[in-house]
Amino acid sequence: STLNPFKLKGLYVFDTGLGGTIPTTIGDFRQLTNMQLHETSLRERIPSEIGQLSLLNRDLTIADCLLTGTLPSEIGQLRQLQRLIFTNNRLTGTIPTEIGRMTQLTIFESAYNLLTGSIPTEIGNCVNLQALGVFRNTEINGSITELIDHMPRGLFRFFLGELSLTGSIPSSIGEFGQLDSIRFQENHLTGSLPSEIGLLRSLTALDVFGNQMTGSIPSTIGLLNSVRSLSMGFNTFNGRLPMQMSLLNQLGELEISANDLTGSPGVLASLASLTSLYIHDNRFDGIGGLCTGKTWVNLAVNDCSSTPVLSCSCCTVCCRTAGTGSCESIST
């Protein structure tokens, strides 16, 4: 039977072979409050008529489909919508500035697409935004400094990994007191990690892996008493590890390989929760007691039989080539 566009309030399609396109008549379903399309074979563009669904107030998700074309600017007419998710399609073009009109939006995700241009700072007008996820769109560019300065301070998750963002993380990052996760990996970020990072007491994960960040690791990192994962490898951080890192009692995974760090990593030896540690391709002068009374799930410090850099009896991973991350398990 034919759907009655005047009565339907929820449209849910999950894991089907449904193909074809989203018709322009979608705009006739004016009573829709929730629309979720997952793992279908829907193709081509999102029709501009989707902006006519003014009662959509819960969820508009079109994920794991085959959609192409651009995000229509009419999306900004959905002023009551809370969740907008277009993850894992083949969308192109830019994120429309009209998204800034969606003041009730709490989640915006458009990861794993082919989007270009910059993330519009107008998204900062979405004052209720809690999660922003635009990762794995490698042609998205622009300044992360400007973007962070415009973001609403109530963000809980901030995922901008595997883009082409430039600039440095500003000191204003410390104003985001509710942040649980920051993932800025594999961009082109420069500058140092600001000391204000220590103000993020709710942070459980920080990932800036694979950028061009410099300077020393700030001592305020020791204030992150909820953090469980730190990934700062493949940058050019230098100097010694701050003694305050010994205060990170919840830390389970630390990735600081391929930097220019010096001194001893022994400050980490007392961290009982730390079970995965990657510190290879640095300039440490020893392992500082990391093998004393501790069992590691993963430990890599360039312990290779052919070209040993540091002697390490408890290492689990051998990384043979500096700067490439080429690691393999050590047979025990």
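Structure shown above.
Residues numbered from 1 in each chain as written. Predicted model: local features only at pLDDT ≥ 70, side-chain atom pairs only at ≥ 80, totals over all residues. Heavy atoms only, no water.

Thoughts on the environment of Gly19
Right, so step 1: Inspection of the secondary structure assignment puts Gly19 in the loop between strand S1 (10-14) and strand S2 (34-38).
Right, so step 2: Here the alpha-carbon distance between Gly19 and Arg101, two residues 82 residues apart in the chain, equals 31 Å.
Right, so step 3: Setting aside its immediate chain neighbours within four residues, Gly19 contacts Ser41 and Leu42. (Helix = DSSP H or I, 4+ residues; strand = E, 2+ residues; numbered from the N terminus. Contact = heavy atoms within 4.5 Å.)

Examining the pattern of salt bridges
Right, so step 1: Tallying each qualifying case throughout the model produces four salt bridges.
Right, so step 2: Between Glu162 and Arg136 there is a salt bridge, with its nearest N and O atoms 2.5 Å apart. Residue Glu162 is found in the loop between strand S11 (157-159) and strand S12 (181-183), and its partner Arg136 is found in the loop between strand S9 (131-133) and strand S10 (139-141); the two are separated by 26 residues along the sequence.
Right, so step 3: With relative accessibility at 19%, the residue Glu162 sits in the buried group.
Right, so step 4: What makes Arg136 partly exposed here is its relative accessible area of 35%.
Right, so step 5: Taking the shortest distance from any N to any O, the salt bridge between Asp260 and Arg283 comes out at 2.7 Å. Of the two residues, Asp260 is situated in strand S17 (residues 260-263) and Arg283 in strand S19 (residues 283-284); the sequence distance between them amounts to 23 residues.
Right, so step 6: By relative accessible area, which is 52% here, Arg283 ends up exposed. (Salt bridge = Lys/Arg side-chain N within 4 Å of Asp/Glu carboxyl O. Buried < 20%, exposed > 50% of the residue type's maximum accessible area, 1.4 Å probe, protein only.)

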